[in-house]
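Tertiary structure, described
These are the residues of each chain, in order.
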Protein chains: 4
Amino acid sequence: MSALRRPQAAWRSRSRPAGLPSRQHKREGQPCYTHERATFSASGQLTRSTLEIRNLSVAVIGAGDYIGAAIARKFAGEGFTVFVGRRNGDKLAPLISEIQNLGGRIFGRALDARKEDDISAFLQEAEHRDPLEVCIFNVGANVNFSLTETTERVFRKVWEMACYSGFLAGREAARLMLPRRRGCIFFTGATASLRGAVGYAAFASAKFGLRAVAQSAAKELGPENIHVAHLVIDAGVDTAWVRDRIREREGEAALKNLDPGRLMHPVSVAETYWQLYQQPRDAWTFEQEIRPFGEKW
Amino acid sequence: MSALRRPQAAWRSRSRPAGLPSRQHKREGQPCYTHERATFSASGQLTRSTLEIRNLSVAVIGAGDYIGAAIARKFAGEGFTVFVGRRNGDKLAPLISEIQNLGGRIFGRALDARKEDDISAFLQEAEHRDPLEVCIFNVGANVNFSLTETTERVFRKVWEMACYSGFLAGREAARLMLPRRRGCIFFTGATASLRGAVGYAAFASAKFGLRAVAQSAAKELGPENIHVAHLVIDAGVDTAWVRDRIREREGEAALKNLDPGRLMHPVSVAETYWQLYQQPRDAWTFEQEIRPFGEKW
Amino acid sequence: MSALRRPQAAWRSRSRPAGLPSRQHKREGQPCYTHERATFSASGQLTRSTLEIRNLSVAVIGAGDYIGAAIARKFAGEGFTVFVGRRNGDKLAPLISEIQNLGGRIFGRALDARKEDDISAFLQEAEHRDPLEVCIFNVGANVNFSLTETTERVFRKVWEMACYSGFLAGREAARLMLPRRRGCIFFTGATASLRGAVGYAAFASAKFGLRAVAQSAAKELGPENIHVAHLVIDAGVDTAWVRDRIREREGEAALKNLDPGRLMHPVSVAETYWQLYQQPRDAWTFEQEIRPFGEKW
Amino acid sequence: MSALRRPQAAWRSRSRPAGLPSRQHKREGQPCYTHERATFSASGQLTRSTLEIRNLSVAVIGAGDYIGAAIARKFAGEGFTVFVGRRNGDKLAPLISEIQNLGGRIFGRALDARKEDDISAFLQEAEHRDPLEVCIFNVGANVNFSLTETTERVFRKVWEMACYSGFLAGREAARLMLPRRRGCIFFTGATASLRGAVGYAAFASAKFGLRAVAQSAAKELGPENIHVAHLVIDAGVDTAWVRDRIREREGEAALKNLDPGRLMHPVSVAETYWQLYQQPRDAWTFEQEIRPFGEKW
């Protein structure tokens, strides 16, 4: 069945700029990837020794305990050197231990994503260790206030966290990736990226703004062989915070009997980013929405 | 033909909250409006004495020489007390003279729309003189830089001018209008409100963000009888700045032979705002796009 | 205040094609319009003698008892010759009597809008009497079936009524208007024009399809000085049918205490079309949404 | 690194309906998938014996020489029983031979997708052989005529091919999948699914209509554990037809020096469908756009 699996070899090779490492390496990386998979045991276990090292780095800005951590696990498990940053760097310790114990390569840094110099230094450190292959911006700042109760401080802070810092991350990643014409810059969006709603003037404004940055960047960087994508998570994600909100509003019983189609697991977000990363460059997605099968929309 | 013109009288009266001046006053205001129009001479001239005074104020935040000024002329000509604000208050002098000489009521103030206290004071002054009927946010900040050349200072400043100050204007207007459940808050949008593009990371991000504020506000304030709208100008507007850009890029001849369907006249923007103001409250528009007949889109 | 009211005179004249009646005539028509308004009595009555005749025709395809009838009343009251068509021509009799009794000029025809020849003959008859200035397509076909219960007959019929006949109307109107580069073609849309929903596979498919026709036509005909617009009614309209549905689902009491912000009055739809008609050609709207102030969206 | 790879085991099991084969089988299928991959030789060859048979069928409606054929190869190569249908069944012979020679299971049928009975019989035959796991609707009908030159026959035929037959396919697939609450229904969209354009009244109308069917179906069938997706191909696809168009318009030289970022390879469309198929059900995508890295949008 080889013809079924590899018909694209010929046309793919056309698109590689001479003398440059091709973005298509992602696909050419399949041999090592396959090799690694080949050592899965029948029970799905993988021994440390089989983890193929890629010598490429992935930066996760906004590496919280859920989505950010899941992304880090995924890419570490695929052999990337992972740099994770979050405001309170101490909170990264368990994630780093977990991944290092499994043989993954991961580095954690305290990072205020609203500070230009911090973002720049964080990405440069990743680049310095291994070329920055993927930068994922995942800082959230969900708040809910009626318009008249939204203080200027809240409005500004939500924007700084969810939009301005995304601009800085995208720009700094682009500066590193442009010289070698290769890389991916991904942004985590939300329902509020596409629709304003009662109580969401601040949050939606920041998320709309981030989407505009992503879209402008995608149009500008795509022809430079840099893949920019905006992933719209149109659902609640299964986190402690979301579960607390459900408990508050609907009671403990509601939480116990939670519809399995209601919340999205962070692992699934990470898988989606992995799919985006694997896209061949003649079929890149800029925007993709994901939601649980039971979600009303 | 009276039945053709006024069949709505019955159902309209249903919707007026007891004891409050109804937003429908806009329509009930037609007798004075008609009276005034009745005195147009054959040549379209209107004498000062016929200008019906409405005892309602309109605030224009971002009253530049083109769109902002046209809005001021329109609403002054319809008998409103107009408050115009712009950064450099001195530049308002010719507009104020022009309108005052014609018998209109207008007040100009230097206004930094990015300052919470300034916006608040500006709108309160308008409210104090005559109830604030309409607040129009019209601050622009169009810049064009590639992503990597967009400084953090530019990104922040464009946002402060085109988004943050719009939030402040909308919130402060809402605070004044909510107690009497009446008023209109309108925002000027642009092509970049809906689409990011190469070179527009900063501008589109701010305009997307403003649109989210407007949409959230519309959903929150609509049921309170406050009309929020977002007017998308999907074209170049006929201003000195735009004409200079055309001259630079296409030469003096291009400017001379300018296609009449290419630029939008500021007066037409003002007319569209006037139409939005006249909408009955059972058929409010939140978003409306306008472009010249010859525009490619 | 004449300068406030007529500053656009100069730039408007630029855009008139030599030797052709200008679309801007709509605005130049204001003197007659003003004249007419001047004769409103204090009680809002208008005597027949003042109805200015325009010698322009308006065709309403899908002239039901509510929106279509309201449009007919509005344009007849503004002095147009109105042609109304609906499947069962007999049902037009009361509307025709009403308008004729008030001095309006109106003609009713039985019309199956799904028949190419019928549409063509209907519009040509209007054109023959007075140049066709406005064609409004207002045929609805709202049905609700789950996907698996949607028969091929229903799917096809809904499309024929709500989309295919709209294409025919738009095309035939364009053929009449293109030679003189003047006219308006308006389409009535709905929430389902923009969003599919459970139970609306057939209806949304037809309304999406109609919107595509309108958008393609707008881009093609705009530069030919023909204004195409798509009006999205994002609400229930106050009709007997909608009131029956509310009675069925929520009971007689719900209908009695109907929130005044819930339903849109047909007159308001007609007013919105009138506003679209009045737009100057440097600021045409293609798409405009309207909904009552209390609508959740 | 097993913990990195399989953290989702626990939460996944929650979502499986008792007594029913879970949609999550897709992921549980990974062992066989992995096993198969393990037998890739160094050169990427795969021997026939290793092709794991899935006992699930995939139906491709509109199996042309490019996208449809690529989808068939992909799913056959992954071990599915593939049913391909197109108007001229004889043209399927080379594809069927190719896949059968490689050990794949494939059946071709002449199919007029506009005929309810044909669609129904085609899908039932697939279902009868192996449960219908995926139905992909891929019929195209791209034409370009100005509005006034679009005959009613063209308008109707394009709709029947690109929209009506998609409705039939989606409905019939749903009828087979609903009883076991499992399956995927995918639709191929295009730029014209989202935007009308000059010359595309017929094609855009049909594609808009198809999108509405897909969206309504997604909302209706998602909670029934059936994944409906709409894949928007926002680019030219590398087919003989598209290359002929380029040759016609830009000359032979343009074709020779074709920018590698301009056309999308059919294989990449198939890969995207494969990604959609692999999504866990807590993170399903309804709409996803793909375009080459160099595409202007």
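Residues numbered from 1 in each chain as written. Chains lettered and ligands numbered in written order. Predicted model: local features only at pLDDT ≥ 70, side-chain atom pairs only at ≥ 80, totals over all residues. Heavy atoms only, no water.

**Let's talk about the side chain of threonine 81 of chain A**
All names here are of chain A. Mapped onto the fold, threonine 81 is located in strand S2 (residues 81-86). A relative accessible area of 0% means that threonine 81 is categorised as buried. Looking at threonine 81, its side chain comes within polar contact range of the side chain of aspartate 130, at 2.6 Å. Dropping the residues within four chain positions of it, threonine 81 is found in contact with Leu56, Ser57, Val58, Arg105, Phe107, Arg129 and Asp130. (Helix = DSSP H or I, 4+ residues; strand = E, 2+ residues; numbered from the N terminus. Buried < 20%, exposed > 50% of the residue type's maximum accessible area, 1.4 Å probe, protein only. Polar contact = N/O pair within 3.5 Å; in protein donor to acceptor, adjacent residues only side chain to side chain. Contact = heavy atoms within 4.5 Å.)

**A few points about the environment of lysine 219 of chain D**
Within the element layout of this structure, lysine 219 of chain D appears in helix H9 (residues 201-221). The sequence separation of lysine 219 of chain D and phenylalanine 286 of chain D amounts to 67 residues, and the corresponding C-alpha distance is 9.2 Å. Non-local contacts of lysine 219 of chain D, meaning those with residues more than four positions away in its chain, are made with Trp297 of chain A together with Gly196, Ala197 and Val198 of chain C. A polar contact is formed between the side chain of lysine 219 of chain D and the backbone oxygen of glycine 196 of chain C, at a distance of 2.8 Å.

**Considering helix H8 (residues 152-177) of chain A**
Residues and elements named next belong to chain A. With 26 residues, H8 ought to run about 38 Å at 1.5 Å a step, and its terminal C-alpha atoms sit 36 Å apart, in line with that. At glutamate 160, H8 is deflected by roughly 45 degrees, the largest bend along its length. In terms of burial, H8 is a largely internal element, 21 of the 26 residues being buried. (Expected span 1.5 Å × (residues − 1). Bend = angle between axes of the 7 residues up to and from the residue.)

**Things to note about the pairing of strand S1 (residues 57-61) of chain D**
All names here are of chain D. Judged by how many residues are buried, S1 sits mostly within the fold: five of five residues are covered. Burial of S1 is two-sided: the residues Ser57, Ala59 and Ile61 facing one way and the residues Val58 and Val60 facing the other way are all buried. In terms of handedness, the path from S1 via helix H5 (residues 67-77) over to strand S2 (residues 81-86) forms a crossover that is right-handed. (Right-handed = clockwise from strand over helix to strand, strands pointing away.)

**A few points about the confidence of the model for chain A**
Residue and element names in this part refer to chain A. Of the residues in chain A, 83% reach a pLDDT of 70 or more, and the chain-wide mean stands at 85. Overall, residues 1-49 carries pLDDT values under 50, and its contacts beyond four positions in sequence, including any with other chains, amount to 112 contacts. We note a pTM of 0.88 for the whole complex and an ipTM of 0.85 for its interfaces. (pLDDT = per-residue confidence, 0-100.)

**Re the pattern of salt bridges**
Across all of its chains, the model carries 108 salt bridges over all chains by this definition. Of the charged contacts, one joins arginine 291 of chain A and aspartate 234 of chain A as a salt bridge, the two residues approaching to 2.8 Å between their closest N and O atoms. One end of the pair, arginine 291 of chain A, is in the segment after strand S9 (287-290); the other, aspartate 234 of chain A, is in the loop between strand S6 (226-233) and strand S7 (236-237), with 57 residues separating them in the sequence. Residues glutamate 289 of chain C and arginine 291 of chain C are paired through a salt bridge, measuring 3.3 Å at the closest nitrogen-oxygen approach. Classification of arginine 291 of chain C as buried rests on a relative accessible area of 5%. Taken together, the salt bridges that share partners define one network made up of Asp112, Arg114, Lys115 and Glu160 of chain A together with Glu152 and Arg156 of chain B. (Salt bridge = Lys/Arg side-chain N within 4 Å of Asp/Glu carboxyl O.)

**Focus on the packing of helix H9 (residues 201-221) of chain C against H9 of chain D**
H9 of chain D packs onto H9 of chain C with a crossing angle of 150 degrees between their chain directions and a minimal axis gap of 7 Å. Classed by the angle they form, the pair H9 of chain C and H9 of chain D counts as roughly antiparallel. The handedness of the crossing between H9 of chain C and H9 of chain D comes out as right-handed. Contacts from Ala201, Ala204, Ser205, Phe208, Gly209, Leu210, Arg211, Ala212, Val213, Gln215 and Ser216 of chain C of H9 of chain C reach H9 of chain D at Ala201, Ala204, Ser205, Phe208, Gly209, Leu210, Arg211, Ala212, Val213, Gln215 and Ser216 of chain D. The residue inventory of the contact of H9 of chain C with H9 of chain D, partitioned by class, reads 12 nonpolar, eight polar and two charged. (Axes fitted to C-alpha atoms, helices over the stretch in contact; angles between N-to-C directions. Parallel < 35°, antiparallel > 145°, perpendicular 65-115°, else oblique. Left-handed = near helix turned anticlockwise from the far one by under 90°. Nonpolar A, V, L, I, M, F, W, Y, C, P; charged D, E, K, R; others polar.)

**Quick notes on the pairing of strand S4 (residues 132-137) of chain B**
Residue and element names in this part refer to chain B. Burial runs high along S4: six of the six residues are buried. By the bridge criterion, five bridges tie strand S1 (residues 57-61) to S4 in an arrangement that is parallel. Within S4, the position partnered with alanine 59 by the bridge is cysteine 135. Direction of pairing for S4 relative to strand S5 (residues 183-190): parallel, over a ladder of four bridges. (Pairing = 2+ DSSP bridges.)

**Considering unusual backbone geometry**
We note that asparagine 55 of chain A has phi near 60 degrees; this positive angle belongs to a residue other than glycine. Secondary-structure assignment places asparagine 55 of chain A in the loop between helix H4 (30-38) and strand S1 (57-61). Not every positive phi belongs to a glycine, and arginine 181 of chain D is a case in point at roughly 50 degrees. Within the secondary structure, arginine 181 of chain D sits in the loop between helix H8 (152-177) and strand S5 (183-190). Judged by relative accessible area, which is 27%, arginine 181 of chain D ranks as partly exposed.

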